[in-house]
Amino acid sequence: MGNWIILLLDLFGTAVFAITGAVQGIRRHLDIFGVTVLACCVGVGGGITRDCIIGCTPVAAFQNQHYILICIAVGILSYMSAGFLIKKRNIVKFCDAIGLGVFTAIGAQKGMDFGLTFTGIVLCGVFTSVGGGIIRDVLTGKIPVVLKSDFYATASLIGGIVFCLLLPLKLHFFLNFLIVAALVTAIRLIAIRYNLQLPAAGRFNNRSVH
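Residues numbered from 1 in each chain as written. Predicted model: local features only at pLDDT ≥ 70, side-chain atom pairs only at ≥ 80, totals over all residues. Heavy atoms only, no water.

(A) Spotlight on the overall build of the protein. A tally of helices and strands in the protein yields nine helices and zero strands. When the helices and strands of the protein are read in sequence order from the N terminus, they spell out α-α-α-α-α-α-α-α-α. In summary, the protein has a C-alpha radius of gyration of 17 Å against a globular reference of 17 Å for 210 residues, a match within 12%. With the C-alpha coordinates aligned to their principal axes, the bounding extent of the protein is approximately 50 × 45 × 30 Å. Per-residue burial for the protein yields a buried fraction of 47% across its 210 residues. In the protein, of all internal contacts separated by at least 6 residues, the share reaching a separation of at least 24 is 75%. Surface summary for the protein: the accessible area is close to 11200 Å², and the carbon and sulfur share equals 68%. Computed over 16 positive and 7 negative side-chain charges, the separation of the two mean positions in the protein equals 11 Å. (Helix = DSSP H or I, 4+ residues; strand = E, 2+ residues; numbered from the N terminus. Rg over C-alpha atoms; globule rule 2.2 N^0.38 Å. Buried < 20%, exposed > 50% of the residue type's maximum accessible area, 1.4 Å probe, protein only. Contact = heavy atoms within 4.5 Å. Areas by Shrake-Rupley, 256 points an atom, 1.4 Å probe, with all protein chains shown as cover. Lys, Arg positive; Asp, Glu negative; His and termini not counted. Charge placed at Lys NZ, Arg CZ, Asp CG, Glu CD.)

Okay, here's the thing in structure tokens:
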């Protein structure tokens, strides 16, 4: 039962992340193929990156065809409803925050299942949640959001740390999952609401850096 719940949440996270990739493609005026490619990159890119790093091959996205099929479906549907998605920026941001939380928890859980250390578990959560977005931004010629956005990768990092801190309590894995996913989502939404950001380089020093 537990494995099915995690799988469903993983597929849900894949879908909501795929939406954010598709929207970026729409904003860049790509064709239906380009929009779908970006949907796939964000939907499964982080998980593929994580699985390759920890040696989990074939990667989950290739073992279960539902991941790719969901991304393709989301890409096509997003292309067909481009006007609606562009206007609903807040919905997209909300979906992105949920996906960040879900993927952080899933990535950390997989790191734990593979017997990784504290650092490895935390980084598995981060790679899973931000890897696809980095691929998307590189493909569209942007500085990756995780390097300059309001508590994006930082929220995932905090979530991974909390996941590890909860392990000694031996909570049911699903409760642990929900706590981490909810925490990361909440941090991200609060950061968006109040425009919270980490200090940028040079913010406190206007002199040129040579």
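That covers the picture; the talk isn't over yet.
(B) Representation of helix α8 (residues 153-166) within the structure. In a regular helix each residue adds 1.5 Å, so 14 residues correspond to 20 Å; α8 covers 20 Å between its end C-alpha atoms and thus fits that length. Along α8, the residues that are buried comprise Ala155, Ser156, Gly159, Gly160, Val162, Phe163, Cys164 and Leu166. Where α8 is buried, its residues contact α6 (89-113), α7 (118-139) and α9 (173-194). (Expected span 1.5 Å × (residues − 1).)

(C) Representation of the side chain of serine 129. Within the element layout of this structure, serine 129 appears in helix α7. Looking at serine 129, the relative accessible area reads 1%, which means it is buried. Of note is the side chain of serine 129, whose polar atom sits 3.1 Å from the backbone oxygen of valine 126. The contact partners of serine 129, leaving out residues within four places of it in the chain, are Phe17, Leu100, Phe103, Thr104, Tyr152 and Ser156. (Polar contact = N/O pair within 3.5 Å; in protein donor to acceptor, adjacent residues only side chain to side chain.)

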